[in-house]
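Here is what each chain is made of, one letter per residue.
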Amino acid sequence: MGKGKATAAAAPPPTVKKQLRIVERVGDIFDGPANSVLIHACNCIGSWGGGIAAAFRLRYPAAFAVYRDHCQRLSPNEKKSKVKSKSKPKQKQQRKPPPHYIGCLFTSRRVGQNRDSPASILRATKPAMQDLMQQVLAVEAQNHNISELRMCQINAGPFNVPWASTRQVILALHVDVPGNGGGGGDVNDDDDDDDEPLLRIAVWNRQADWVPNS
Ligand SMILES: Nc1ncnc2c1ncn2[C@@H]1O[C@H](COP(=O)(O)OP(=O)(O)OC[C@H]2O[C@H](OP(=O)(O)O)[C@H](O)[C@@H]2O)[C@@H](O)[C@H]1O
């Protein structure tokens with residue numbers, strides 16, 4: 001054996017696997033309190049052209065610019081890998097009130113007729129959501145308060161995937177939470193009292209007769 005300095009690598013912080021909870025709500029996702037994270041599904045070509053994305057573009061132009069630049073910087077192959085590994089951008093709204101974070105899940109490479117298949121979109125949803133949750137936890141760890149996670153019924157509009165299928169994927173995935181995690185659904189734990197706000201996603205859907213507040 002050669003001589004070597006014992007380099008005790010710092011042990012990574014302990015994590016525990018938790019599951020997300022979903023609560024279904026009727027109303028406008030944009031009415032979230034300050035410091036909510038508003039989450040929607042995105043393509044990788046840099047367009048928020050229709051569906052709820054168009055409303056995001058109008059309300060959060062600075063977040064749209066970050067998203068578009070992120071897409072433009074990447075080659076098609078990189079975009080594909082980003083679908084698997086990244087759910088950026090996420091940016092605080094410039095205008096006030098209230099400031100929101102915007103969470104983008106890259107679940108399909110393209111849109112319209114060229115959108116990915118439902119199976120592919122569902123496959124991409126899992127790592128995109130896991131990555132977004134890691135980003136949310138990282139923001140919280142820097143003592144930036146996040147009040148609530150709000151999401152639309154992602155993939156159920158132009159991407160044409162039934163919400164029930166996406167919901168199933170989200171409920172089945174696991175998130176690595178530091179330490180004991182302080183809540184959420186423990187993988188082997190059915191205790192419903194163990195509920196942590198940051199692992200609970202409010203999924204908002206409009207009623208048919210919905211009218212925007214603003
Ligand atoms: N204010 C509101 N509050 C609450 N719920 C609202 C709402 N407005 C609409 N909904 C519902 O929210 C669900 C998902 O709606 P989304 O439109 O996200 O669907 P999606 O995830 O399949 O599609 C993503 C692609 O759509 C665009 O594509 P383009 O650019 O147009 O090519 C994007 O850019 C992406 O690429 C549907 O149930 C809507 O009824």
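Analysis parameters
- Residues numbered from 1 in each chain as written.
- Predicted model: local features only at pLDDT ≥ 70, side-chain atom pairs only at ≥ 80, totals over all residues.
- Heavy atoms only, no water.
- UniProt positions renumbered as here; feature names shortened; annotations may be inferred.
- Near = heavy atom within 4 Å.
- Polar contact = N/O pair within 3.5 Å; in protein donor to acceptor, adjacent residues only side chain to side chain.
- Helix = DSSP H or I, 4+ residues; strand = E, 2+ residues; numbered from the N terminus.
- Nonpolar A, V, L, I, M, F, W, Y, C, P; charged D, E, K, R; others polar.
- Core = buried A, V, L, I, M, F, W, Y, C linked by side-chain atoms within 4.5 Å.
- Buried < 20%, exposed > 50% of the residue type's maximum accessible area, 1.4 Å probe, protein only.
- Axes fitted to C-alpha atoms, helices over the stretch in contact; angles between N-to-C directions.
- Parallel < 35°, antiparallel > 145°, perpendicular 65-115°, else oblique.
- Left-handed = near helix turned anticlockwise from the far one by under 90°.
- Contact = heavy atoms within 4.5 Å.

- As annotated in an unreviewed UniProt entry, the chain carries the name ADP-ribose 1''-phosphate phosphatase and comes from Lasiosphaeria ovina.
- Checking UniProt for the chain, the heading Function (unreviewed entry) contains the comment "Highly specific phosphatase involved in the metabolism of ADP-ribose 1''-phosphate (Appr1p) which is produced as a consequence of tRNA splicing."
- UniProt lists a comment for the chain under the heading Catalytic activity (unreviewed entry), and it reads "ADP-alpha-D-ribose 1''-phosphate + H2O = ADP-D-ribose + phosphate".

### Some thoughts on the site of the ligand
Thought 1: Taken together, 26 residues lie near the ligand, and Asn-43, Gly-49, Gly-50, Asn-155 and Gly-157 sit nearest.
Thought 2: The separation between an oxygen atom of the ligand and a polar main-chain atom of Asn-155 is 2.8 Å.
Thought 3: Among the secondary structure elements, those contributing two or more residues to the shell around the ligand are α1 (51–59) and β8 (200–205).
Thought 4: Its residues assigned to classes, the shell around the ligand comprises 14 nonpolar, 10 polar and two charged.

### Overview of the nonpolar core
Thought 1: Within the largest apolar cluster, 51 residues are counted, with the highest numbers of intra-cluster contacts made by Leu-20, Trp-48, Met-129 and Met-151.
Thought 2: The element that contributes the greatest number of residues to this core is helix α4 (residues 118–141), accounting for nine residues.

### A look at the packing of α4 against helix α5 (residues 163–172)
Describing two packed helices takes the angle between their axes plus the distance from one axis to the other.
Thought 1: Following both chains from N to C, one finds α4 and α5 inclined at 40°, their axes separated by 9 Å at the closest point. Taken together, the axes of α4 and α5 are oblique relative to one another. In this structure, the crossing between α4 and α5 has a hand that is right-handed. On the side of α4, the interface is formed by Leu-122, Thr-125, Lys-126 and Met-129, while α5 contributes Ser-165, Thr-166, Val-169 and Ile-170.
Thought 2: Class assignment of the residues belonging to the contact of α4 with α5 gives a composition of four nonpolar, three polar and one charged.

### Some thoughts on the side chain of Arg-150
Thought 1: Within the fold, Arg-150 resides in strand β5 (residues 148–152).
Thought 2: On the accessibility criterion, Arg-150 (5% relative accessible area) is buried.
Thought 3: One polar contact links Arg-150 to Glu-148, side chain to side chain, over a distance of 2.8 Å.
Thought 4: Those residues in contact with Arg-150 that sit more than four places away from it in its chain are Asp-28, Ile-29, Phe-30, Asp-31, Gly-32, Pro-33, Ser-36, Val-37, Leu-38, Ile-39, Ala-202 and Trp-204.

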